[in-house]
Amino acid sequence: MKTNEELLAEIALIRERLEEAEDTLRAIRAGEVDAIVISGSDTERIYTLEGQDRAYRMMVETMHEGAASLSADGTILYCNTRLAELLGSSLEQIIATPLKLYLVPEERDSFMNLIGESKTERSRREFTFVRSDGSKLHALVSSNTYRQDGIETSCAVIMDISDRKKVEEELQAANERLARILEASSDGFYEWDLIKDRIQRSKAELFGYSPDQTGGVWQDFMARLHPEDRARVQKAFDDHVQGHKPVYDCEYRAKMPSGEWRWIWSRGKVIERDADGNPLRAAGALTDITAKREIEDQRRRTEEVFRAIFEGAQDCIYIKDHLLRYKEVNPAMEQLFQLPAADIIGKTDADLLEPSESGYFNDVDSRVLRGAYIEDEHTRRIHGVPTTLHEIRVPLKDSEGNIIGICGIARNVTERKEQKEVTHSQNEYPSEAMQETITYLRLASKRDATILLLGESGSGKDYFAKFIHQRSPRSSGPFFAVNCAAVAPELAESELFGHERGAFTGAQGRKRGQLELAEGGTLLLNEVGELSLTLQAKLLTFLDTREFTRVGGEKPVSVSARLIAATNKDLKTEVDAGRFRMDLFYRLNVMTITIPPLRERKADIPLLVKRILAQLRFELQLPYEPQLDGTSMEILIDYDWPGNVRELRNVLERSVMLSNSPAVQIIDLGGRSEVLSDWSHTIQFPKSESINDITRNMKSRLVSEALRRSGGSKKGAAKLLGISRYSLKHYLKTLDLGFYGVHDDYEM
Ligand SMILES: Nc1ncnc2c1ncn2[C@@H]1O[C@H](COP(=O)(O)OP(=O)(O)OP(=O)(O)O)[C@@H](O)[C@H]1O
């Protein structure tokens, strides 16, 4: 029978144990423990406490983690099913086995030490258990040993920390990866302890800071900044710290340890604050953007230069987008349209021009959007005034080469065009032959078909080709003429069809041929019979497809130009002799008009004389109106004119120059008057003319005279002038003498 004291002591012990158990349960509920191990040197003693033992057993069984009691040498005397589960075993298998055997061998001693240490104070340590299937269990073992009546009772708590361990490992791996990435990146980075003002972690080689920097970073950093940037950097940082900006982002110039100034882009944020919101730590990245800033500066400067050109240019410059809306126009463009830029931008030509005109531009622009480079001359009505623009349009591409719009440069050539057209006023000819021809010419001008003009040299084929052009729907476009006989054979293809850069020796840049230049207008091929058979084939292809390739090029170039061919040869005979392609002949011979020779339309001579004298007055800038006397006119009408109107013009020009007065006397007709032995010329020097104009006129006269003396032979004329045949050809071209009908001494 137990004494009252003994019973009271037992009750106190049970109460104490129950309190412990409650603590443990509270800890279990709070999720702090995963397992409890009860060990003691006198388990007998525990088992005799039946009620208490039941309470324990209940407690350990209701725990959702394992628990066991161990003998002094660590043998499992009792455990719950959860521990068996955790160790991947059954209760029967693990009871009576030493728990340390489930540990990885290297941790067994440590485990026994823990049990020993727990005699004096509760001890915890992490251990790695090996389950029966070989997998590992990471656990935190907490052991507590009680001594009661000389009996040691240990209570150990085991926490399954496998998940936490996994997260920790992953975190560590991520940290290592991050460290490697940061190491590999060209950016600098930092983690900055704001309280101690020291860099905790950095790859701030940029500034020469190292992780073991002792502090005082901010002051040092500020001192390294460019004085102009300091206030900005401070503000960006303060704005972020005070919560006005979610991140700190700033560009500044900093002096490197080498003494060199570099542009740095810095962005970062506060990553830790105290309970009052004061910043504790910040982290961020630093990028050296010096190269980028230099490129940007260069681009800015280029843009400024471009702006200056764009705004100061006399020529109209514009940019259109892919829908052909004006995106940018320069002041010259505003002047042309007499509208402010704001009223042009966003509009298309359809909004700004008359409908009959905008259609043509739309067509040309569409081709540029498909990749064509188009140069043309076109007359449009702007505020009712016919305005002729020489315009170059090129496609605008983005960085990937996609066409995103058009850039155009246009020069207003209205004045030049008006001057040129003085010679092309309305014709009314008294002769029947010419009246009939004019009827055909007018008819031809209404259609867009290819025309073949026949007629003797100098009869006016070139003149009437312009006549057709000016009355055709293409009159607002350019008129170009090529004299096939005057171009060296090896250059003929390039002259006509253009060439790409490097197409042949001397082809330094891309050149557009006459055909391309005649875009939107008319091209006259004079002396078409002189074209080589190869070029005849190329021309035929163009007539069939409206496309050709430049010399040395592969991309087909499409051109909308009307072709007028002219010749003084009998093309049929040329076909029979195998010198002209029959298919081309039939292709050209669709609408053939013959210009009658002057001897068959002598009734026109007075009209022609009047017109040519008016032209000469303009061209020679005479202060008076030259007039022929009656007898001179008779001489002219009597003459047979083998050289046709050209000869008439030459005679009149020489007579006007030599007469040097309003009364013009005919001299040197058909070579009957004396050939001047000396090269003598009268020079007019009106105030408006510069020395360049005068020497140009002089050269023009000398060349004309040499050609007259050589009977039209270029070789002879070049010899007389003491220059090469090609220099002479250059003069013929630059002095606008290209169509003097002179004959050459070689075949094309
Ligand atoms: N009807 C005309 N009115 C005024 N000038 C004319 C007329 N016809 C021709 N001319 C002038 O005569 C000269 C020769 O004319 P054009 O060059 O047109 O002849 P062509 O038949 O083309 O000669 P070629 O076959 O040699 O090239 C030019 O100066 C031209 O301006």
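Residues numbered from 1 in each chain as written. Predicted model: local features only at pLDDT ≥ 70, side-chain atom pairs only at ≥ 80, totals over all residues.

Per an unreviewed UniProt entry, the protein chain carries the name PAS domain S-box and comes from Desulfomonile tiedjei.

### Considerations on the overall build of the protein chain
Let me state the cut-off plainly: Only DSSP runs of H or I reaching four residues or more are called helices, and only runs of E reaching two or more are called strands; each is numbered from the N terminus. Partly exposed residues are those whose C-beta has more than 12 but fewer than 20 other C-beta atoms within 10 Å; with 20 or more the residue is buried, with 12 or fewer it is exposed, and the C-beta atoms are placed from the backbone. Residue pairs are scored as contacts if the distance between their C-beta atoms, which are placed from the backbone, is within 7 Å.
Looking only at helices and strands, one finds 28 helices and 25 strands in the protein chain. Taking all 748 residues of the protein chain together, 32% fall into the buried category. Across the protein chain, every contact between residues at least 6 apart in sequence was considered, and the portion connecting residues at least 24 apart equals 56%.

### Some thoughts on the nonpolar core
Cut-off, in case you're wondering: A set of buried Ala, Val, Leu, Ile, Met, Phe, Trp, Tyr and Cys residues, joined through C-beta atoms within 7 Å, is what we mean by a nonpolar core. An automatic or database domain assignment is the source of the domain bounds shown.
Ranked by size, the top nonpolar core spans 52 residues in total, and within it L453, L515, L525 and I564 carry the most contacts. Counting only domains with at least three residues in this core, you end up with domain 4 (422-580) and domain 5 (598-734). Among all residues touching I564, those that are not within four sequence positions of it are I451, L453, A465, I468, T522 and L524. Formed by 19 residues, the second largest nonpolar core is a distinct cluster that contains A67, F127, A139 and I158.

### A few points about the sheet that holds strand β13 (residues 326-329)
Rules: Only strands that DSSP links by at least two bridges are regarded as paired with each other. Inter-axis angles, ranging from 0 to 180 degrees, are taken between N-to-C directions of lines fitted to C-alpha atoms, where helices are fitted over the stretch in contact.
Pairing is antiparallel in the open sheet, where 5 strands are placed in the order β13-β12-β16-β15-β14. Either end of the sheet is taken by a strand with one partner, and the two such strands are β13 and β14 (374-382). Direction aside, neighbouring strands of the sheet carry axes that sit 30 degrees apart on average. Examined bridge by bridge, strand β12 (residues 316-321) and strand β16 (residues 403-412) share 6 bridges and lie antiparallel to one another. In the strand pairing of β16, Y318 is matched with G408.

### Description of helix α26 (residues 691-709)
Here is the rule we go by: Multiply 1.5 Å by the residue count of a helix minus one, and that product is the helix's expected span.
For α26, spanning 19 residues, the distance from its first C-alpha to its last is 27 Å, which sits close to the expected 27 Å at 1.5 Å a residue. Those residues of α26 not exposed but buried are V703, S704, E705, A706, L707 and R708. On the buried face of α26, the contacting elements are α25 (644-659), α27 (714-721) and α28 (725-734).

### Observations concerning the sheet that holds strand β23 (residues 591-594)
Read across the sheet, 5 strands follow the order β18-β19-β22-β17-β23 without closing on themselves; strand pairing throughout is parallel. In the strand order of this sheet, the two ends are held by β18 (479-483) and β23, each with one partner. Here the average twist between neighbouring strands, direction ignored, is 20 degrees. Sheet analysis places strand β17 (residues 451-454) next to β23, joined by 4 bridges and oriented parallel. For L454, the partnering residue across the bridge sits in β23 and is T594. Where helix α16 (residues 432-446) meets the sheet, it contacts β17 and β23, and its direction lies at approximately 150 degrees from that of β23.

### Brief notes about helix α14 (residues 355-369)
Between its first and last C-alpha atoms α14 spans 21 Å; for 15 residues at 1.5 Å apiece the expected length is 21 Å, and the two agree. Within α14, burial applies to Y360, F361, V364, D365, V368 and L369. Residues of α14 that are buried sit in contact with β12, α13 (349-352), β14, β15 (385-397) and β16. Immediately downstream of α14, the backbone of G371 shows phi near 115 degrees, a positive value.

### Topic: the confidence of the model for the protein chain
Rules: Confidence scores per residue from the predictor, reported as pLDDT, run from 0 to 100.
Model confidence for the protein chain is summarised by a mean pLDDT of 79, while 78% of its residues fall at 70 or above. Ranking the helices and strands of the protein chain by mean pLDDT puts β17 first, with 95, and helix α2 (residues 43-48) last, with 36. With pLDDT under 50 throughout, residues 33-52 is counted as low confidence; its partners more than four residues away or in other chains account for 63 contacts. Across residues 421-426 the pLDDT falls below 50, and counting only partners more than four positions away or on other chains, this stretch makes 6 contacts in the model. Here the predicted complex carries an ipTM of 0.98, next to a pTM of 0.46.

### Here's the deal with the packing of helix α23 (residues 605-620) against helix α24 (residues 630-638)
Each pair of packed helices can be summarised by the angle the axes make with each other and by the distance between the axes. Just so we agree on the cut-off: Every angle not falling under 35 degrees, over 145, or within 65 to 115 is termed oblique; those three ranges are roughly parallel, roughly antiparallel and roughly perpendicular. Left-handed is the label given to a crossing in which the near helix is rotated counterclockwise from the far helix by less than a right angle, and right-handed is the label when the rotation is clockwise. Residue type decides the class: Asp, Glu, Lys and Arg count as charged, Ala, Val, Leu, Ile, Met, Phe, Trp, Tyr, Cys and Pro as nonpolar, and the leftover types, Gly among them, as polar.
Running from amino to carboxyl end, α23 crosses α24 at an angle of 120 degrees, the nearest separation of the two axes being 10 Å. Relative to α24, α23 is oriented oblique. At the point where α23 passes α24, the crossing takes the right-handed sense. Residue-level inspection shows I605, P606 and V609 of α23 in contact with α24, the latter providing M633, L636 and I637. When its residues are assigned to classes, the contact of α23 with α24 shows 6 nonpolar, no polar and no charged.

### Some details on the environment of G268
Note on placement: G268 falls in strand β10 (residues 261-273). Residue G268 is classed as buried on the basis of its C-beta count, with 20 C-beta atoms lying within 10 Å. With 22 residues separating them in the primary sequence, G268 and P246 have C-alpha atoms 9.4 Å apart. Setting aside its immediate chain neighbours within four residues, G268 contacts V247, Y248, A282, A283, G284 and A285.

### Points about unusual backbone geometry
Residues other than glycine seldom take positive phi values, yet E527 does so here, at roughly 55 degrees. Secondary-structure assignment places E527 in the loop between β19 (522-526) and α20 (533-545). Using a count of 24 C-beta atoms within 10 Å as the deciding quantity, one classes E527 as buried. Not every positive phi belongs to a glycine, and N644 is a case in point at roughly 55 degrees. Tracing the backbone shows N644 in helix α25.

### Quick word on the environment of A350
Mapped onto the fold, A350 is located in helix α13. For the pair A350 and L324, spaced 26 residues apart in sequence, the C-alpha to C-alpha distance is 9.7 Å.

### So, the pairing of β12
Burial along β12 is one-sided: the residues C316, Y318 and K320 are buried and none of I317, I319 and D321 is. The hairpin turn running from β12 into β13, its antiparallel successor, is 4 residues long, and L324 in that turn takes a positive phi close to 65 degrees.

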